[in-house]
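Listed below, chain by chain, are the residues.
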Amino acid sequence: MLKAVALGGLLLPAGVTSAAVNAHCTGVAELKLSAPQASQGSLILAVVRSQKAMREVTGKWNERNIYFWRGDSSVAVRGGVHTYQSQALLGVDLEKAPGDYEFSVSATMENGEHAECTAALTVRAGKFATESLTVQKQFVEPNEQQAQRAVAEQEKLRQIFDHITPEKLWHGPFRLPLTGGVRGTNFGKRRILNGQLRSPHTGADFPAPTGTPIHATQSGRVVVAEELYFSGNTVIIDHGLGVYSLYGHLSATDVAVGDAVKAGAVIGKVGATGRVTGPHLHWGVTVNKARVNPIQLVSQTVIR
């Protein structure tokens, strides 16, 4: 079993090399991934390293641009040699079709040299349970006005997630949104609501008493703070570089659109608004428009 080592703020398996992840590079750079394969709804960490300072690193995966940020300016390695690195998150959408996909990276050095890397990344089907729930009829069979509202809200959220803030707004590792060791569950579960099959669950649920404080998982800017049809009182934070966190079913919100929040700041309180069976926090994360398991930001990766 491979041991994990910290690599510039990322937790990567020791011994993972470009060959281990089917990566090929030309020029003065190397590409490492946290795993050669991923399941639906998971995260992959990518690191590009070079002994020469890099001016710009860009990537492409799943027909989308991948946004890199600089890690530590340099990291000492064997023999006192220093390497420079840039890092990126690849989000595998909850409903991404299984198969093999190519990840390509281009790096430009400060001296004008170029390097190109490609890696094969296999996506496997996730293993998700099915659950049956009973909710208010209006959330399964909305009337025309309610349906139009829900569609308009979904389009608004799509436009928000389409926007990529070109800078990293978070600092340090991500944290759980509730304190006290509460763990989120239900991500990816296939739901049967009032006997009807519905879309999979796109977040992690945290059952908690109404009024329990909710904390920002990391620093960023508030882009939504309003009541939505399905998720009730909702807060969405833009963390930069395509990373967004969503907090739903709140009883109260303590922030407004445009607010800059720090990691751990109280942004609202647990409630039971919207489509719910009881008080809880619905916590969701999207990475470059891919709906991923938010717990991985905390328990399986260390992102700085």
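Look up a bit, the structure's there.
Treat the numbers as computed from the prediction; the structure is a model and nothing was measured.

S.K.: Please clarify how the nonpolar core should be interpreted in this entry.
M.R.: Generally speaking, soluble globular proteins have nonpolar side chains that are buried together. Counting 32 residues, the largest nonpolar core has Tyr-247, Ile-267 and Leu-281 as its most contacted members. Looking at this core, the elements with two or more residues in it are strand 6 (43–50), strand 16 (204–207), strand 19 (232–240), strand 20 (243–253), strand 22 (266–270), strand 23 (280–287) and strand 24 (290–292). Considering each element in turn, this core owes the most residues, 4 residues, to strand 23. In this structure, Ala-38, Ala-46, Ala-88 and Met-109 belong to the second largest nonpolar core, which totals 26 residues.

S.K.: Looking at this structure, how should I read the state of the cysteines?
M.R.: What we call a disulfide is simply a covalent bond connecting the sulfur atoms of a pair of cysteines. Scanning the model with the defined rule gives 1 disulfide in all. Covalently, Cys-25 is tied to Cys-117 through a disulfide, its sulfur atoms 2.0 Å apart. Taking the torsion about the sulfur-sulfur bond, which here is approximately 115°, the covalent link between Cys-25 and Cys-117 counts as right-handed. Placement of the pair is Cys-25 in strand 3 (residues 23–26) and Cys-117 in strand 12 (residues 114–124), with a sequence separation of 92 residues. Here Cys-117 falls in the buried class, since its relative accessible area comes to 2%.

S.K.: Please clarify how empty space enclosed by the protein should be interpreted in this entry.
M.R.: Using a probe with the size of a water molecule, rolled over the atoms, empty space left in the structure can be pinpointed. Summed over all chains, the structure comprises 2 cavities of 30 Å³ or more. A volume near 50 Å³ is recorded for the largest cavity. Taken together, Ile-66, Tyr-67, Trp-69, Leu-89, Trp-170, Leu-241, Val-243 and Asn-288 make up the full set of residues lining the largest cavity. Here the element with the most residues in the lining of the largest cavity is strand 8 (residues 64–70); it accounts for 3 residues. Looking at the lining of the largest cavity residue by residue, the classes come out as 7 nonpolar, 1 polar and no charged. Lining the second largest cavity are Trp-61, Asn-62, Arg-64, Ile-66, Gly-91, Val-287, Asn-288 and Ala-290. Here the lining of the second largest cavity is built from residues that sort into 4 nonpolar, 3 polar and 1 charged.

S.K.: Help me understand the pattern of salt bridges in this model?
M.R.: A side chain with one charge may pair with a side chain of the opposite charge, provided their charged atoms come close. Enumeration over the complete set of coordinates arrives at 13 salt bridges. The salt bridge involving Glu-226 is made with Lys-156; its shortest N-O contact spans 2.4 Å. Placement of Glu-226 in strand 18 (residues 220–228) and of Lys-156 in helix 1 (residues 144–162) is noted, with a sequence separation of 70 residues between them. In this structure, Arg-158 engages Asp-162 in a salt bridge whose closest nitrogen and oxygen atoms are separated by 2.5 Å. In this pair, Arg-158 and Asp-162 are both assigned in helix 1, 4 residues apart and thus about one turn of the helix distant.

S.K.: Any chance you could explain the pairing of strand 7 (residues 54–61) here in plain terms?
M.R.: Along any regular strand, the residues point their side chains to alternate faces of the sheet. For strand 7 and strand 11 (residues 99–109), the ladder comprises 7 bridges, and the chain directions are antiparallel. What sits directly across from Thr-58, in strand 11, is Ser-106. Looking at chain direction, strand 7 and strand 8 are connected through 4 bridges and run antiparallel. Considered in strand 8, the bridge of Gly-59 is made with Ile-66. Following strand 7, the chain reverses through 2 residues before pairing antiparallel with strand 8; Asn-62 in that reversal takes a positive phi of roughly 60°.

Reading guide: rules and limits
Residues numbered from 1 in each chain as written. Predicted model: local features only at pLDDT ≥ 70, side-chain atom pairs only at ≥ 80, totals over all residues. Heavy atoms only, no water. Core = buried A, V, L, I, M, F, W, Y, C linked by side-chain atoms within 4.5 Å. Buried < 20%, exposed > 50% of the residue type's maximum accessible area, 1.4 Å probe, protein only. Helix = DSSP H or I, 4+ residues; strand = E, 2+ residues; numbered from the N terminus. Disulfide = S-S within 2.5 Å. 1 Å grid on protein atoms, 1.4 Å probe; cavity = no way out; pocket = protein on both sides within 12 Å on 5 of 7 lines; lining within 4 Å. Points joined across faces, edges and corners; volume = space filled by probe spheres on them. Nonpolar A, V, L, I, M, F, W, Y, C, P; charged D, E, K, R; others polar. Salt bridge = Lys/Arg side-chain N within 4 Å of Asp/Glu carboxyl O. Pairing = 2+ DSSP bridges.

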